[in-house]
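One letter stands for each residue in the lines below.
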Amino acid sequence: MVYLPKDKAANMTAHPNGKTMKAISFAKHGKPTELKKMNVAYPHGFDATNNIVIKVHAASVNPVDKGLLSGDYKMVIPVASFPHVISYDVAGVVEEADLKGKFSVGQPVFARLFGSPKDGKKTPWYRGAMAEFCVADVSNVVAKPENLTFEEAASIPLVGMTALQVLKASKLKEGESIFISGGAGGVGTMAIQLAKHVFKAGLVVTTASKGEKEKLCKSLGADVVIDYKSTSFEKIYGGKDAEKFDVCFDTTGESLQMSNIVNEGGRVVTIAGMATLEELRRIGGTAWILKLFVKRRMKRKEYKAAQSKNADWNYQFLSPSQEDLSALASHLASGAVKPVLDGVWDFHSEDSEAGWQGAFNRSFSGRAKGKCVVKIVA
């Protein structure tokens, strides 16, 4: 586990001039009810050489934020101090530029907030993006595509980079077939589009409920949408003579079952459930206690099931990558990929449905079609 050095503790204290801002924060790990709108110190104490301050126009919510709030991920992704501002996908304009001049004041940008690199490791996160201002390391920031609204841009970073990194890791080739579970979710909607329109997959099959979600998936490029409420994908593709897939992308915790539908020599990649020890080490989780409850890939039943079919299985965590975010910006600018928003909520409203709370409730419910975004600048 990486801890913030004591000499950095002042970064989270009151601003020297008493300057504050409004933010959605939590004072301790716990349930979503711990989230409160409060006044916190305006960003200060950071390294201005490689960091910028963004005036936040919009921030989006991800289901993973619930795990960060609850403390489920604190051994891998510890927060620096409390109160901690939540949400880490952001779009806005540069308020304070970096000293190296990579970005300029007033420039529209979007980013995924990660801890700032330090000696090859990431320090615990300073703060999130659900606030009037946030700090971002320039290595995680990209210019906003002109054809996107701030709300659309804020919906992209986590789900877009996750989908792109998984598809790259799976070595999906043009003309190959891919099965994506949970196609109407945030990552699923990006994965369908990237697989079909960027990687040029020959066949894209996904799962979603009938009605609006099915129509959404097909509009994004899915060739086949299986209604998971009425039938199992294993029943359709798991038979001995049934068509199998070159790549299976699991967003729903069903990678074990995917061993029955993957081709010999195929690849199964999951982002759901417990990570492997190897993947946690890859992203910098070095705590010895991880060894007590996290299994190595070779010991996972999902890996063994895939190996029995001469296929591979891996867990994939999102990694910081300006290159990947830049690639997504290009795909968004060209129209090859488009944002999918479930809705936009008002940061300044305390209404439980129309206000910021509604965005978290909707995202955490698991029923959202695409992303839930909070608009901060009217």
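Conventions and cut-offs
- Residues numbered from 1 in each chain as written.
- Predicted model: local features only at pLDDT ≥ 70, side-chain atom pairs only at ≥ 80, totals over all residues.
- Heavy atoms only, no water.
- Axes fitted to C-alpha atoms, helices over the stretch in contact; angles between N-to-C directions.
- Helix = DSSP H or I, 4+ residues; strand = E, 2+ residues; numbered from the N terminus.
- Parallel < 35°, antiparallel > 145°, perpendicular 65-115°, else oblique.
- Contact = heavy atoms within 4.5 Å.
- Nonpolar A, V, L, I, M, F, W, Y, C, P; charged D, E, K, R; others polar.
- Salt bridge = Lys/Arg side-chain N within 4 Å of Asp/Glu carboxyl O.
- Buried < 20%, exposed > 50% of the residue type's maximum accessible area, 1.4 Å probe, protein only.
- Polar contact = N/O pair within 3.5 Å; in protein donor to acceptor, adjacent residues only side chain to side chain.

Caption draft 1: View of the packing of helix α4 (residues 186-198) against helix α5 (residues 212-220). Two numbers describe how α4 lies on α5: the axes approach to 8 Å, and their chain directions differ by 30°. Here α4 lies roughly parallel to α5, going by the angle between them. Where α4 approaches α5, its residues T189, I192, Q193 and H197 are matched on the opposing element by L216, C217 and L220. Among the residues forming the contact of α4 with α5, the class breakdown is 4 nonpolar, 3 polar and no charged.

Caption draft 2: Quick look at the pattern of salt bridges. In total, this model carries 11 salt bridges according to the counting rule given. The shortest N-O distance in the salt bridge between K37 and E350 comes to 3.1 Å. One end of the pair, K37, is in strand β2 (residues 35-41); the other, E350, is in the loop between β17 (341-346) and α11 (356-365), and 313 residues separate them in sequence. D324 is the partner of K168 in a salt bridge, and the nearest nitrogen-oxygen pair spans 2.7 Å. On the criterion of sequence distance, the pair formed by K168 in helix α3 (residues 157-169) and D324 in helix α10 (residues 322-334) is long-range, its members being 156 residues apart. The class of K168 is partly exposed, set by a relative accessible area of 41%. Among the ionic contacts, a cluster of salt bridges with common partners joins E212, D342, R362 and K369.

Caption draft 3: Structural detail: unusual backbone geometry. Here the amide bond leading from F82 into P83 is cis, since omega sits at 0°, within 30 degrees of zero. Structurally, P83 is set in the loop between α1 (64-70) and β4 (84-85). Positive phi, close to 75°, is recorded for S87, a residue that is not glycine. Along the chain, the position of S87 falls in the loop between β4 and β5 (89-96). Phi angles above zero are rare outside glycine, and K171 is one such case at about 60°. Examined against the element boundaries, K171 turns out to sit in the loop between α3 and β11 (177-180). Look at K171 and you get exposed, because its relative accessible area is 56%.

Caption draft 4: Highlighting the environment of H44. Following the sequence through the fold, H44 ends up in the loop between β2 and β3 (51-61). Taking the C-alpha atoms as reference, H44 lies 10.0 Å from C134; in sequence the two are 90 residues apart. In this structure the side chain of H44 is engaged in a polar contact, spanning 3.4 Å, whose partner is the backbone oxygen of A14. A distance of 2.9 Å separates the side chain of H44 from the backbone oxygen of Y42, its partner in a polar contact.

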